[in-house]
Amino acid sequence: KQEGRNTYRLYSTQLDVREHRSLAMETALRNTIDSGEGLSLHYQPLVERNSGALVSMEALARWVHPEYGQVSPGDFIPLAERSGLILPLSQRLMRLAAAQLRSWLDNGLQPVPVAVNLSAQQFWQHDLIMQIRTLYEEFQLPAGLLNFELTESMLLDKQQQAIRVLQELRELGCRIAMDDFGTGYSSLSYLHQLPITTLKIDRSFIQQLGESAGSEAILAAITGMAQGLKLTVVAEGVETQAQLDALGKYQVNVIQGYFTGRPLPAEDIASRYFMNNRR
Ligand code: C2E
Ligand code: CA
Ligand code: CA
Ligand code: CA
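In every chain, residue numbers begin from 1 and rise along the written sequence. All chains are assigned letters beginning at A, and all ligands numbers beginning at 1, according to the order in which they are written. Where local features are concerned, this predicted model is filtered to residues with pLDDT of at least 70; where side-chain atom pairs are given and counted, the filter is 80 or more; whole-chain, interface and lining totals use all residues. Water and hydrogen atoms were dropped before computing side-chain values, which therefore reflect all heavy atoms in the structure.

Caption draft 1: Local environment of the packing of aromatic side chains. Stacked, tilted and edge-to-face are the three classes applied to pairs of Phe, Tyr and Trp rings, where Trp contributes its six-membered ring and a pair requires centres within 6.5 Å; stacked means planes under 30 degrees apart, edge-to-face means over 60, and tilted covers the rest. Counted according to the given criterion, the structure contains three aromatic pairs. Aromatic pair Trp 63 and Phe 76: ring centres 5.7 Å apart, planes at 80°, arrangement edge-to-face. Placement of the pair is Trp 63 in strand S2 (residues 54-65) and Phe 76 in helix H2 (residues 73-82), with a sequence separation of 13 residues. Residue burial is assigned from relative accessible area. The probe radius is 1.4 Å, only protein chains are included, and a residue is buried under 20% of its type maximum, exposed over 50%, and partly exposed in between. The exposure class of Trp 63 is buried, given its relative accessible area of 0%. For helices the rule is a DSSP run of H or I covering at least 4 residues; for strands it is a run of E covering at least 2, with both sets numbered from the N terminus onward.

See the structure below:
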């Protein structure tokens, strides 16, 4: 009994430490969102498989804090979602992407579209479409330059409302990708109803290429179905030539991954990928 109590106390102390750190980080994130300092986007190229041409970029959030250093979005996005900071954070990030596109255009470059990740709370804001329309107007962006990625789980239970929001995004000329596809629970008939343009096959399927017959069967089914639905198929997380080769037998249109290009700061992505596209 004595030991049990000690153990409990130890556990409780560790929990306090963790909670304290998480609270401190939440405060730091709040300050970062207010000031904008240390917050940026990196841009990862998506290239057409056959030609290697750059077709779009994914905007990925980056946060560098004086004390915590570089914090992974895999950590601070969920923290923001738990602590109610995701809306102001997302608004800042979406604005950063729009401002970056404007700056490239002002510099005479011809940027490809940038896809922004939408979180669930953001997607379900009543004025999301208004916000996006305002950004397009404020930064005078040609239609379709700002695109969006979302995940299946965000749309569950509210399919009819989701379809309406997606439809409005499509009317703004935005392309919409279903992210991490294959890891959720979408039925085929449901997918068919959604006005999306793109399926991004989750990285886990690419990693299992050549290792798991089961996951290859899923890959074949997903890509076959996507072709039938006339969706663009993106393979995410392609890291090697071997994976790229192994994808050869599937209907994949676009490649994203470290092999074709890592996420880069705005200046680097521009100089490497579309400096020569001056108008
Ligand atoms: P995601 O949307 O699935 O983004 C792709 C992630 O895979 C990125 O991680 C990217 O850097 C990484 N990646 C790309 N190619 C490869 C590869 O070849 N191999 C491997 N191992 N990884 C690759 P990142 O930047 O750490 O972002 C993690 C997640 O955080 C994203 O997953 C997304 O869910 C979320 N996230 C990032 N930025 C934002 C944002 O601005 N808003 C929201 N709501 N979520 C974001
Ligand atoms: Ca994404
Ligand atoms: Ca993804
Ligand atoms: Ca993901």
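Caption draft 2: Quick look at the pattern of salt bridges. The rule for a salt bridge is simple: a side-chain nitrogen of Lys or Arg has to be within 4 Å of a carboxyl oxygen of Asp or Glu. Throughout the structure, instances matching the rule amount to seven salt bridges. Salt-bridge contacts for Lys 200 lead to Glu 149; the nearest nitrogen and oxygen are separated by 2.6 Å. Taken together, the residues Lys 200 in strand S7 (residues 198-201) and Glu 149 in strand S5 (residues 146-151) connect sequence positions 51 residues apart. The shortest N-O distance in the salt bridge between Glu 236 and Lys 200 comes to 3.7 Å. Of the two residues, Glu 236 sits in the loop between strand S8 (232-235) and helix H11 (241-246) while Lys 200 sits in strand S7, which places them 36 residues apart along the sequence. Each member of the pair, Glu 236 as well as Lys 200, is classed as buried.

Caption draft 3: Geometry of the layout of surface pockets. Approximately 1100 Å³ is the volume attributed to the largest pocket. Lining the largest pocket are 41 residues, with Glu 58, Leu 60, Pro 73, Asn 117 and Asp 179 sitting closest to its centre. Secondary structure elements with two or more residues in the lining of the largest pocket: strand S1 (39-48), S2, H2, helix H3 (86-106), strand S4 (114-117), helix H4 (120-123), S5 and strand S6 (176-181). Residues were grouped as follows: Ala, Val, Leu, Ile, Met, Phe, Trp, Tyr, Cys and Pro as nonpolar; Asp, Glu, Lys and Arg as charged; and all remaining residues, including Gly, as polar. Here the lining of the largest pocket is composed, by residue class, of 19 nonpolar, 11 polar and 11 charged. Think of a 1 Å grid over the protein atoms and nothing else: a 1.4 Å probe that fits but is trapped marks a cavity, an open set flanked by protein within 12 Å on at least five of seven lines marks a pocket, and residues with an atom within 4 Å of a point count as lining. Grid points are joined across faces, edges and corners, and a volume is the space filled by probe spheres set on the points.

Caption draft 4: Local environment of the site of ligand 1. For this description, a residue counts as near a given molecule or strand if any of its non-hydrogen atoms is within 4 Å of it. In the vicinity of ligand 1 lie 20 residues, with Ala 61, Arg 62, Asp 179, Glu 239 and Tyr 258 positioned nearest. By the criterion applied in these results, polar contacts are pairs of N or O atoms within 3.5 Å in which, for protein atoms, one can donate a hydrogen and the other can accept it, and in which residues neighboring in sequence qualify only through two side-chain atoms. Between ligand 1 and Ala 61 there is a distance of 3.0 Å, counted from a nitrogen atom to a backbone nitrogen or oxygen. A distance of 2.6 Å is found between a nitrogen atom of ligand 1 and a side-chain nitrogen or oxygen belonging to Glu 239. Protein contacts shield 81% of the accessible area of ligand 1, which totals 800 Å² for the unbound molecule. For this analysis, a molecule is said to be in a pocket or cavity if more than half of its atoms are within 2 Å of the grid points defining it. Mapping ligand 1 onto the cavity grids shows that it belongs to the largest pocket. When contributions to the shell around ligand 1 are tallied by element, the ones reaching two or more residues are S2, H2 and S6. No other element matches the four residues that S2 contributes to the shell around ligand 1. Among the residues making up the shell around ligand 1, the classes are represented as eight nonpolar, five polar and seven charged. Surface accessibility follows the Shrake-Rupley procedure with a 1.4 Å probe radius. Residue values consider only the protein chains on display as shielding.

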